[in-house]
Amino acid sequence: MKIPSSIWTLLIGIVLTLVSLWYGQNHGLLPAAATDEAELVDGLFNAMMIISTGIFLLVEGILIYSAFKYRRRAGDNEDGPPVEGNVPLEILWTAIPAIIVIGISVYSFDVYNEIGGFDPHAIHEAPMMNQESMAMPGSAMAATLSDTPPSTEPNLNQEKSDEAMQDPATAEVRNADQIPQLRNAPGVGSVAPTIGGTPDKAGKPAGLQVNVTGLQYAWLFTYPETGITTGEMHVPIGREVEINMTANDVIHAFWVPEFRLKQDAIPGRQSEIRFTPKKAGDYVLICAELCGPYHGAMRATVVVEPEEAFDKWMQEQLVASKETLNQAVAVNPTDLSPNEFLAPYTKDMGIKPEILHQVHH
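Because the structure is a prediction, the values reported are computed rather than measured.

Student: What am I meant to see in unusual backbone geometry here?
Tutor: Most peptide bonds take the trans form, and the phi angle of most residues other than glycine is negative. The omega torsion across glutamine 216 and tyrosine 217 is 0°, close enough to zero to call that bond cis. With respect to the helices and strands, the residue tyrosine 217 is situated in the loop between β1 (208-215) and β2 (218-223). If you check the backbone angles, arginine 260 has positive phi at about 60° while not being a glycine. Looking at the element boundaries, arginine 260 is found in the loop between β6 (252-256) and β7 (261-265). By relative accessible area, which is 13% here, arginine 260 ends up buried.

Student: Explanation requested: the sheet that holds strand β8 (residues 271-275) in the structure shown.
Tutor: In a beta sheet, neighbouring strands pair by backbone hydrogen bonds and run either parallel or antiparallel. Spatially, β3-β2-β1-β5-β8 is the arrangement adopted by the five strands of the open sheet, whose pairing is mixed. Each edge of the sheet is formed by a strand with only one pairing partner; in this case those strands are β3 (228-230) and β8. Across this sheet, the average inter-strand angle for adjacent strands is 20°, counted without regard to direction. Where β1 lies against strand β5 (residues 241-247), seven bridges are found, and the strand directions are parallel. Bridge pairing in β5 links glutamine 209 to glutamate 242.

Student: What exactly am I supposed to notice about the nonpolar core here?
Tutor: When a protein is soluble and globular, its nonpolar side chains tend to lie buried together. Val210, Trp219, Tyr223, Met233, Ile243 and Phe254 are the most contacted members of the largest nonpolar core, which totals 36 residues. Beyond its immediate sequence surroundings of up to four residues, phenylalanine 254 is in contact with Val212, Trp219, Met233, Ile243, Met245, Leu261, Lys262, Gln263, Ile273, Leu285 and Ile286.

Student: Would you mind showing me how to read the sheet that holds strand β4 (residues 233-236) here?
Tutor: Read from one edge of the open sheet, five strands run β4-β10-β9-β6-β7, paired in mixed fashion. Strands with a single pairing partner mark the edges of an open sheet, and in this sheet they are β4 and β7. The average angle at which neighbouring strand axes cross in this sheet is 25°, direction not considered. As paired elements, β4 and strand β10 (residues 299-305) share four bridges and run parallel to each other. Bridge pairing in β10 places valine 235 opposite valine 304.

Student: Help me out: how do you make sense of helix α2 (residues 36-69) in this one?
Tutor: One full turn of an α-helix is made of 3.6 residues, so residues set three or four places apart face in the same direction. Compared with the 50 Å implied by 1.5 Å per residue over 34 residues, the 50 Å span of α2 between its first and last C-alpha is a close match. If you check which residues of α2 are buried, you get Glu37, Ala38, Asp42, Leu44, Asn46, Met49, Ile50, Thr53 and Gly54. Among the structural elements, α1 (5-25), α3 (87-114) and β8 are those in contact with the buried residues of α2.

Here is what the cut-offs are and how they apply
- Within any chain, residue numbers begin from 1 and follow the written order of that chain's sequence.
- Whole-chain, interface and lining totals are the exception, using all residues; otherwise, since this is a predicted model, local features are given only for residues with pLDDT of at least 70 and side-chain atom pairs are given and counted only at 80 or more.
- The side-chain figures draw on all heavy atoms in the structure; neither hydrogens nor water molecules are used.
- Working definition: helices are DSSP H or I runs of at least four residues, strands are E runs of at least two. Numbering for both runs from the N terminus.
- Classification of residues uses two cut-offs on accessible area relative to the type maximum, computed with a 1.4 Å probe and protein chains only: under 20% is buried, over 50% is exposed, and between them is partly exposed.
- Two strands make a pair as long as DSSP finds a minimum of two bridges between them.
- Here an angle of 0 to 180 degrees is reported between the N-to-C directions of two axes, which are lines fitted to C-alpha atoms, with helices fitted over the stretch in contact.
- Nonpolar cores were defined as sets of buried Ala, Val, Leu, Ile, Met, Phe, Trp, Tyr and Cys residues, with membership established by side-chain atoms within 4.5 Å.
- The criterion used for residue contact is that any of the two residues' heavy atoms lie within 4.5 Å.
- Residue count minus one, scaled by 1.5 Å, sets the expected span of a helix.

Fair warning: the whole summary comes from geometry, so function is off the table for now.
And the structure:
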């Protein structure tokens, strides 16, 4: 019994659909999803994998079938039948891809909006950061200089500030702890594109803020609420985190594959990412922008942990910072200024005395 071609077409279509659906959900190409936003991105990626798998199998199947079915037989030297065209078929294979592309575009925009990427007003609300504000070291260090008397020479501070700004080595480490203060200050520019809060959290403050500075070739993390500055970022599960970013020298890119979020850190500008961690673990923060010869080594650890473990880590960092400062004060001779006794601690960080003097004034 000969099976009609329509039945064959239906059966092949069902098989292709089932295979595409299975592979689209079980491709194993993505790392573990560690944030709430990652699930939305994974849904879009899976949908594109389903469509692309179906198209691939269909096109390759037709090619293989046609190559076998219409191959040249031995002794057949005749020309093939002339084909003038098929208007319905041409309309069909033009309309279907157009519908697919439009559908993916609409879905992509919806995901981008759901993760907080679409905020047409954000770029006008926050000002562009200026290089002078970026040259400030950590707020904790600035606090230790609060007793230093101001210079009696009117132009000395300005001259040192200009010299520090012209010398890149002077500000080898530039903290981003001034970013929140600049957000609502009168600005002269605009911020870099941001991935802000999701629509249900729009206009609400994040549960945790972390200021991030990228420099060749490291990441620095400052917690503005406590003044803690570390080379490793810790965030708690279930609390929305707001990352405020800038760069010290060239463009860097904040990318944690498990978070499914990536954003550029641009010198003189502020970038923002918001996400909500959901899976505990140690993840690698990668610079995804070619930033120099050691770009591949620019990595840091992001630790996602329960709230209790995060609070414990914060307390440990506060104690360690206080002990370090007390040790510095204890060994400081009375005839040394704060700038002088802090010099050994700031030398390894690349912060010159001119910057310390500039921070106090």
